[in-house]
Amino acid sequence: MKTALITGITGQDGSYLTELLVGKGYKVYGIIRRSSSFNTERLEHLYQDPHEKRKMELVYGDLNDASSLAEIIHSLKPDEIYNLGAQSHVRVSFDIPEYTGEITGMGTLRLLEAIRRTGCKARFYQASSSEMFGKVAETPQTETTPFHPRSPYACAKVFSHYLTVNYRESYNIFACNGILFNHESPRRGETFVTRKITRAATRIKLGLQDKLYLGNLEAKRDWGFAGDYVEAMWLMLQADNPDDYVIATGETYSVREFLDEVFCLLNLDWKKIVEIDPRYFRPAEVDLLLGDSSKAKRQLGWQPKITFKELVKMMVKSDMELAKKEKILKDVNE
Ligand code: NAP
Ligand code: GDD
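Throughout, residues of each chain are indexed from 1 in the direction in which the sequence is written. Chains and ligands are labelled by the order in which they are written, letters from A for the one and numbers from 1 for the other. Given that this is a predicted model, residues contribute local features only at a pLDDT of at least 70 and side-chain atom pairs are listed and counted only at 80 or more, while totals for whole chains, interfaces and linings are drawn from all residues. The basis for every side-chain value is the complete set of non-hydrogen atoms in the structure, without hydrogens or water.

**Focus on the site of ligand 2**
One heavy atom suffices: a residue is near a molecule or strand as soon as one of its heavy atoms comes within 4 Å of it. The environment of ligand 2 is formed by 24 residues, the closest being Ser129, Ser130, Tyr153, Arg282 and Glu285. Polar contact is defined as a pair of N or O atoms within 3.5 Å, subject to the rule that within protein one atom must be able to donate a hydrogen and the other to accept it, and that residues adjacent in sequence are counted only when both atoms are side-chain atoms. Here an oxygen atom of ligand 2 and a side-chain polar atom of Asn182 are 2.7 Å apart. With respect to ligand 2, the backbone of Val193 contributes an N or O atom lying 2.8 Å from an oxygen atom. The Shrake-Rupley method, run with a 1.4 Å probe sphere, supplies the accessible areas, and residue values consider only the shown protein chains as cover. Protein burial of ligand 2: of its 710 Å² of free accessible surface, 96% is covered by the chains. Elements are defined by DSSP. Helices are runs of H or I of four residues or more, strands are runs of E of two residues or more, and each kind is numbered from the N terminus. Elements that contribute at least two residues to the shell around ligand 2 include exactly helix 8 (193-205) and strand 8 (212-214). Looking at the shell around ligand 2 residue by residue, the classes come out as 10 nonpolar, eight polar and six charged. Note that the domain bounds were set by an automatic or database domain assignment. The residue makeup of the shell around ligand 2 includes at least three contributed by each of domain 1 (3-184 + 224-247) and domain 2 (193-220 + 251-288 + 307-333). Ten residue types, Ala, Val, Leu, Ile, Met, Phe, Trp, Tyr, Cys and Pro, are classed as nonpolar, four, Asp, Glu, Lys and Arg, as charged, and the remainder, Gly among them, as polar.

Encoded structure:
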């Protein structure tokens, strides 16, 4: 049985990747950090199934704690390691730049060092990001487009990206960077713009909320479905040789267009509901992201399955179910 170790298993991608690997017969170990409240909500459905439960195990560790990483890797000797753990919020990285550098940047170094020092033969996946292209030098962006990071988060990702390349070249580690463009799902964190919009719009439809406060509506993103993107991560580690790949849909939409799509599905006019709040603007913005993933298609046979419209529908449907449950609870308590 193959074994995989995932950092960031409690996050959006961690939960989809765990499902994928468990489905392929892997034993999955996930590193979780200690929290004063539950942070395993996205994994509950796997834990509740007694059969699946045995295929997934959580161990305490932290990307800030080199000794925990070395101990986990030494004792588990996984076949594959997926580094998804990060302080992953771009706006927040301007507020806590040092912490972001520590986890999103130095965390990768600690993990790679733990692999090197323990002599672990695991294949390594690094969650690189389209944010690294930042103030884009060309459109669409490919594996050869120069980086121009625009936030502490993106700078930390560039550091991790090149470390991954460097450990591949220096120590012959099978290490890959997946340069993933934005990917969303019903499990997306609620402070990222897509989920913030679908969550608010469905609550507004049921009278649970009045207003939605947003920042820059003109930014354009290449939005795909997280379930499709974790498959690309796995494919990279099954290839004959380690390499870096752009993973994207090849379509871009503005936040404004995302709003149009969501509110149209709910028969609401967002212009009467959305207000602009300067707090959500960033000191430096990434205006346009559009990826070309033809290398991944050619070499890995990967392509996205879910379209933009299907993604929006899926998120609205799921958040409507959530809002309905909330409404029932509210009505019962009144
Ligand atoms: P996410 O939902 O924000 O999940 C981040 C994960 O990192 C969580 O499990 C979190 O644990 C964990 N984490 C945070 N600090 C940690 C620490 N100090 N030690 C160990 N784990 C820590 O992110 P995501 O959307 O799934 O993205 C996964 C990865 O891909 C991230 O590295 C992100 O930067 C990168 N990425 C994402 C996208 C995207 O569009 N989603 C695109 C490109 C790259 P808690 O649950 O305890 O907070
Ligand atoms: N979060 C947020 N909240 N973003 C807003 C808002 C708001 O109220 N209003 C407008 N936006 C704009 C942001 O300024 C940005 O241009 C765009 O919406 C997308 O913001 P996010 O959803 O926060 O995602 P991101 O593109 O900054 O970062 C995500 O994708 C990266 C890949 O390109 C994150 O998942 C990163 O971890 C990931 O690397």
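**Some words on the pattern of salt bridges**
A pairing counts as a salt bridge when a side-chain nitrogen of Lys or Arg comes within 4 Å of a carboxyl oxygen of Asp or Glu. Applying the stated criterion across every chain, the model contains 24 salt bridges. In this structure, the salt-bridge partner of Arg221 is Glu131, at a minimum N-O distance of 3.6 Å. Taken together, the positions of Arg221 in strand 9 (residues 220-221) and Glu131 in the loop between strand 5 (123-129) and helix 7 (152-171) put the pair 90 residues apart, joining distant regions of the chain. Throughout this description, buried means an accessible area under 20% of the type-specific maximum (1.4 Å probe, protein chains only), exposed means over 50%, and partly exposed covers the range between. In this structure Arg221 comes out as buried when scored by relative accessible area, which is 7%. Measuring nitrogen to oxygen at the nearest pair gives 3.2 Å for the salt bridge that ties Glu334 to Lys330. Here Glu334 falls in the exposed class, since its relative accessible area comes to 69%. Given a relative accessible area of 38%, Lys330 falls into the partly exposed group. Each of Glu190, Arg195, Arg199, Arg203, Asp319 and Glu326 takes part in salt bridges that share partners, so that together they form one network.

**A few points about the domain arrangement of the protein chain**
For the protein chain, the assigned domains read domain 1 (3-184 + 224-247) and domain 2 (193-220 + 251-288 + 307-333). With 13 residues of domain 1 in contact, the opposing surface of domain 2 contributes 12 residues. The term buried area denotes the loss of accessible surface (1.4 Å probe radius) that occurs when two parts are joined, taken as the sum for both partners. The junction of domain 1 with domain 2 conceals about 1100 Å² of combined surface from both sides, 64% of it contributed by carbon and sulfur atoms. Contact with domain 2 buries surface across domain 1, with Arg91, Arg150 and Glu184 losing the most and accounting together for 47% of the total. Counting across the interface, domain 1 meets domain 2 through zero salt bridges. Contacts are assigned to residue pairs with any non-hydrogen atoms lying within 4.5 Å of each other.

**Quick word on the site of ligand 1**
Every one of the 26 residues lining ligand 1 counts as a neighbour, but Thr10, Asp13, Asp62, Ser88 and Tyr153 are closest to it. A distance of 3.0 Å is found between an oxygen atom of ligand 1 and a side-chain nitrogen or oxygen belonging to Asn39. Between ligand 1 and Ala86, the relevant distance is 3.1 Å, taken from an oxygen atom to a main-chain nitrogen or oxygen of the residue. With the chains in place, 89% of the 900 Å² that ligand 1 exposes on its own is no longer accessible.

**Here we look at the sheet that holds strand 11 (residues 244-247)**
Here a strand pair is declared whenever DSSP counts at least two bridges between the two strands. Ordered by their spatial adjacency, seven strands build an open sheet running 3-2-1-4-5-6-11, and the pairing between neighbours is parallel. Sheet topology places strand 3 (56-60) and strand 11 at the edges, where each strand pairs with a single neighbour. On average, each strand axis in the sheet is tilted by 20° relative to the strand beside it, whichever way the strands run. Where strand 1 (residues 3-7) lies against strand 2 (residues 27-32), five bridges are found, and the strand directions are parallel. Each bridged residue has a counterpart across the sheet, and for Ile6 the counterpart in strand 2 is Gly30. To obtain an axis, a line is fitted to C-alpha atoms, over the contacting stretch when the element is a helix, and the angle between two such axes runs from 0 to 180 degrees between their N-to-C directions. Most of the contacts of helix 9 (residues 226-238) go to strand 4 (residues 80-83), to which it runs at about 140°, and overall it touches strand 4, strand 5, strand 6 (175-180) and strand 11.

**A few points about the packing of helix 6 (residues 97-118) against helix 7**
Each packed pair of helices is defined by two parameters, the angle between the axes and the distance between the axes. Contact pair helix 6 / helix 7: the axes reach a minimum separation of 8 Å and the direction vectors enclose 10°. With respect to helix 7, the element helix 6 is oriented roughly parallel. The crossing of helix 6 and helix 7 is right-handed. Residues Pro97, Thr100, Gly101, Thr104, Gly105, Met106, Thr108, Leu109, Leu112, Glu113 and Arg116 of helix 6 pack against Pro152, Tyr153, Ala156, Lys157, Phe159, Ser160, Leu163, Thr164, Tyr167 and Tyr171 of helix 7. Counted by class, the contact of helix 6 with helix 7 contains 11 nonpolar, seven polar and three charged residues. Any angle that is under 35 degrees is reported as roughly parallel, and any over 145 degrees as roughly antiparallel; angles of 65 to 115 degrees are reported as roughly perpendicular and all others as oblique. Handedness of each helix crossing follows the sense of rotation of the near helix against the far helix: counterclockwise by less than a right angle gives left-handed, clockwise gives right-handed.

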